[in-house]
Amino acid sequence: MIDVLLFVKDFEIGSRISECCVDHDWNVEFSDENSDPANFPESVKLAIVDFDEKLFSSVGLVSGLKQRNLKLIGIMQKISNNDQKKLRASGCDIILTKSSIVKNLPSLFSEFFD
């Protein structure tokens, strides 16, 4: 079973993503800025990070997650070209709008893990 880390403070989007994951038998763990990537279990394969949250918008978090060889999906309300370039350069695999993450999550899982 695949474990998913959610770095999301927004209750609505967090619960929608969590519900989608649970519907597909993926374990979900909500994480915060104090979570240490070194302590994540080996079963964790994916992290979803809300880059609209100042706490999670650091390049350090992205690089720490990438050191664990996790797939990383960034979400934002609105994505500018500059944001996309910066996040891709720091190691983010995909950047999606918050409105499209739940709809696209099952196909992303298939793409990443099948």
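Look above for the structure.
Described in the following lines is the structure provided in the data block. Everything quoted here is computed from the prediction, not taken from an experiment. (Residues numbered from 1 in each chain as written. Predicted model: local features only at pLDDT ≥ 70, side-chain atom pairs only at ≥ 80, totals over all residues. Heavy atoms only, no water.)

**Some details on the sheet that holds strand S1 (residues 3-7)**
Rules: When DSSP finds two or more bridges between two strands, those strands count as paired. Only runs of H or I of at least four residues qualify as helices and only runs of E of at least two qualify as strands under DSSP, and these elements are numbered from the N terminus. Every axis in this analysis is a line fitted to C-alpha atoms, fitted for helices over the stretch in contact. Angles between the N-to-C directions lie between 0 and 180 degrees. Note on contacts: a residue pair qualifies if any of its non-hydrogen atoms lie within 4.5 Å across the two residues.
The strand order across the open sheet formed by five strands is S2-S1-S3-S4-S5, and the pairing between neighbours is parallel. Both outer strands of the open sheet, strand S2 (27-30) and strand S5 (94-97), are each paired with one neighbouring strand and no more. Here the strands of the sheet are splayed against their neighbours by 25° on average, with no regard to which way each runs. With four bridges joining them, S1 and S2 adopt parallel strand pairing. The residue of S2 that forms the bridge with Leu-6 is Phe-30. Running at roughly 155° to strand S4 (residues 71-76), helix H2 (residues 59-67) makes contact with S1, strand S3 (44-50) and S4 of the sheet. Sheet strands touched by helix H4 (residues 98-113): S1, S3, S4 and S5. Its angle to S5, the strand with the most contacts, is close to 150°.

**What about the pattern of salt bridges?**
Selection criterion: Basic side-chain nitrogens of Lys or Arg form a salt bridge, by our definition, when they fall within 4 Å of a carboxyl oxygen of Asp or Glu. Any residue under 20% of the maximum accessible area for its type is buried, any over 50% is exposed, and the rest in between are partly exposed; the area is computed with a 1.4 Å probe on protein chains only.
Evaluation of the coordinates by the stated rule reveals four salt bridges. With a closest N to O distance of 3.5 Å, Glu-42 and Arg-68 form a salt bridge. Taken together, the positions of Glu-42 in the loop between S2 and S3 and Arg-68 in the loop between H2 and S4 put the pair 26 residues apart, joining distant regions of the chain. You can call Glu-42 exposed: its relative accessible area is 64%.

**Remarks on the packing of helix H1 (residues 11-23) against H4**
In plain terms, the rule: Here the word oblique covers every angle except those under 35 degrees (roughly parallel), over 145 (roughly antiparallel) and from 65 to 115 (roughly perpendicular). Classification convention: Asp, Glu, Lys, Arg as charged; Ala, Val, Leu, Ile, Met, Phe, Trp, Tyr, Cys, Pro as nonpolar; all other residues, Gly among them, as polar.
Their axes nearest at 9 Å, the elements H1 and H4 cross at an angle of 5°. Here H4 runs roughly parallel to H1, going by the angle between their axes. Across the interface between the two elements, Ile-13, Arg-16, Ile-17, Cys-20 and Cys-21 of H1 pack against Lys-98, Ile-101, Val-102, Leu-105 and Pro-106 of H4. Here the contact of H1 with H4 is built from residues that sort into eight nonpolar, no polar and two charged.

**What about the nonpolar core?**
Just so we agree on the cut-off: In these notes, a set of buried Ala, Val, Leu, Ile, Met, Phe, Trp, Tyr and Cys residues joined through side-chain atoms within 4.5 Å is what counts as a nonpolar core.
If you look at the biggest cluster of nonpolar residues, it comprises 20 residues, and the most contacted ones within it are Val-4, Ile-17, Ile-48, Ile-73, Ile-75, Ile-101 and Leu-105. Among the secondary structure elements, those contributing two or more residues to this core are S1, H1, S3, S4, S5 and H4. Broken down by element, this core gets its largest block of residues, five residues, from H4. In this view, Ile-17 contacts Leu-6, Ile-48, Ile-75, Ile-101, Val-102 and Leu-105; residues no more than four positions away in its chain are not counted.

**Some thoughts on the side chain of Asp-3**
The following threshold applies: We treat Lys and Arg as the positive residues and Asp and Glu as the negative residues; His and chain ends play no part in the count. Contacts described as polar in this section are N or O atom pairs within 3.5 Å, which, within protein, must combine one atom able to donate a hydrogen with one able to accept it, while residues neighboring in sequence count only if both atoms come from side chains.
Within the secondary structure layout, Asp-3 lies in strand S1. Although Asp-3 is buried, it forms no salt bridge, and the closest oppositely charged side chain is Lys-45 at an N-O distance of 9.0 Å. Engagement of the side chain of Asp-3 in a polar contact is seen with the side chain of Ser-43, the distance being 2.5 Å. Dropping the residues within four chain positions of it, Asp-3 is found in contact with Asn-27, Pro-41, Ser-43, Val-44, Lys-45 and Leu-46.

**A short note on the packing of aromatic side chains**
Put simply, the rule is: Note on aromatic contacts: the rings of Phe and Tyr and the six-membered ring of Trp form a pair at centre separations within 6.5 Å, being stacked when their planes are under 30 degrees apart, edge-to-face when over 60 apart, and tilted otherwise.
One pass over the full model with this rule turns up three aromatic pairs. Geometrically, the ring pair formed by Phe-7 and Phe-40 is edge-to-face, given 6.4 Å between the ring centres and 75° between the ring planes. Note that Phe-7 is positioned in strand S1 and Phe-40 in the loop between S2 and S3, a separation of 33 residues in sequence. Aromatic side chains Trp-26 and Phe-109 sit 3.4 Å apart centroid to centroid with 10° between the ring planes, which places their arrangement in the stacked category. Of this pair, Trp-26 sits in the loop between H1 and S2 while Phe-109 sits in helix H4, placing them 83 residues apart in sequence. Taken individually, Trp-26 and Phe-109 each receive the classification buried, so the pair is uniform in this respect. Three or more aromatic residues joined by ring pairs form one cluster here, namely Phe-7, Phe-40 and Phe-56.

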